[in-house]
Amino acid sequence: MTATPHLFHSLLLPITPYATAKLRDKPHFPAYGGTTVSETRTALSPIACAYRAQDDYHATLKALNSRGRFPRKSLGQHYMLNPEINEELSRAAHVKEGDVVLEIGPGTGSLTNVLLNSGATVLAIEKDPHMVALVRERFASTEHFKVLQEDFVKCHIRSHMLPLLENRKSLDASSMHAKVVASIPFNISTDVVKQLLPMGDIFSEVVLLLQVNIHNVLLY
Ligand SMILES: C[S@@+](CC[C@H](N)C(=O)[O-])C[C@H]1O[C@@H](n2cnc3c(N)ncnc32)[C@H](O)[C@@H]1O
């Protein structure tokens with residue numbers, strides 16, 4: 001079966017309020033500087049605000065500074081400072097409990113955090129070894145996260161995804177497919193799309209945040 005992946009950019013769904021009750025039941029992942037989400041939540045109310053605040057401008061800067069890192073243009077390191085967009089990306093792919101999600105370039109892990117909180121298992125491919133170390137440490141407490149230090153353009157994504165999906169053969173047909181949700185490095189956008197297009201047998205949903213001009217080039 002071959003399905004054409006869907007690419008979203010400006011077609012993201014309208015922003016809706018957070019499902020705070022759902023978040024309360026989700027596992028808590030360590031945030032930067034040793035603070036845990038649960039600790040942040042007790043200090044702040046409502047819960048949704050604490051959750052949002054975790055990956056804002058200051059948290060991202062703190063995470064990068066903690067490792068002496070600065071965004072590198074050569075790696076397309078533009079970090080998401082608006083947590084609502086990450087929520088939108090996850091929602092556009094209908095990410096739910098039990099899904100297997102491929103993320104390309106997790107960076108500081110802001111989108112990863114949203115995907116894990118939705119109950120997904122996330123396989124992330126990150127080229128920068130410093131960011132690999134950062135997210136590996138951040139999500140060390142969960143078995144639902146794995147990061148590989150690889151160049152996505154060169155990696156054999158099929159061989160990474162198939163074992164994850166094999167484990168789910170006993171489940172219903174919809175769980176035989178994985179999803180891609182990523183805010184991708186702009187400099188490899190075309191290569192990423194070319195690599196994903198023939199993989200409709202593996203991915204049921206592909207939601208990528210693309211630069212506007214690249215989106216146009218791909219459409220016309
Ligand atoms: C646009 S940032 C997105 C970071 C994060 N998802 C966010 O929204 O804040 C792109 C990320 O992809 C990584 N990256 C760049 N080139 C890559 C490649 N060829 N393969 C895998 N990851 C790459 C960068 O190091 C960076 O972490």
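Conventions adopted
Residues numbered from 1 in each chain as written. Predicted model: local features only at pLDDT ≥ 70, side-chain atom pairs only at ≥ 80, totals over all residues. Heavy atoms only, no water. UniProt positions renumbered as here; feature names shortened; annotations may be inferred. Helix = DSSP H or I, 4+ residues; strand = E, 2+ residues; numbered from the N terminus. Contact = heavy atoms within 4.5 Å. Buried < 20%, exposed > 50% of the residue type's maximum accessible area, 1.4 Å probe, protein only. Pairing = 2+ DSSP bridges. Right-handed = clockwise from strand over helix to strand, strands pointing away.

Per an unreviewed UniProt entry, the chain carries the name rRNA adenine N(6)-methyltransferase and comes from Rubroshorea leprosula. Recorded in UniProt under Sequence similarities (unreviewed entry), the annotation for the chain is "Belongs to the class I-like SAM-binding methyltransferase superfamily. rRNA adenine N(6)-methyltransferase family."

Caption draft 1: Highlighting the UniProt feature "binding site: S-adenosyl-L-methionine" (unreviewed entry) in the chain. When the UniProt feature table is mapped onto this chain, "binding site: S-adenosyl-L-methionine" (unreviewed entry) is found at His-78, Met-80, Gly-105, Glu-126, Asp-151 and Ser-183. Along the chain, Gly-105 turns up in the loop between strand 1 (100-104) and helix 6 (110-117). What Gly-105 contacts, discounting residues up to four positions off in sequence, is Ile-125, Glu-126 and Ser-183. Excluding residues within four positions of it along the chain, Ser-183 makes contact with Ile-104, Gly-105, Leu-111 and Leu-209.

Caption draft 2: Spotlight on the pairing of strand 4 (residues 178-183). Taking burial as the measure, the six residues of strand 4 include five buried ones, the bulk of the element. Pairing of strand 1 with strand 4, which is carried by two bridges, proceeds in the parallel orientation. Its bridge partner being in strand 4, Val-101 is matched across the sheet by Lys-179. Note: strand 4 against strand 5 (residues 203-209), six bridges, orientation parallel. Bridge pairing in strand 5 places Ala-182 opposite Leu-208. Between the parallel pair strand 4 and strand 5, the chain is carried across by helix 9 (residues 189-196), and the sense of this crossover is right-handed.

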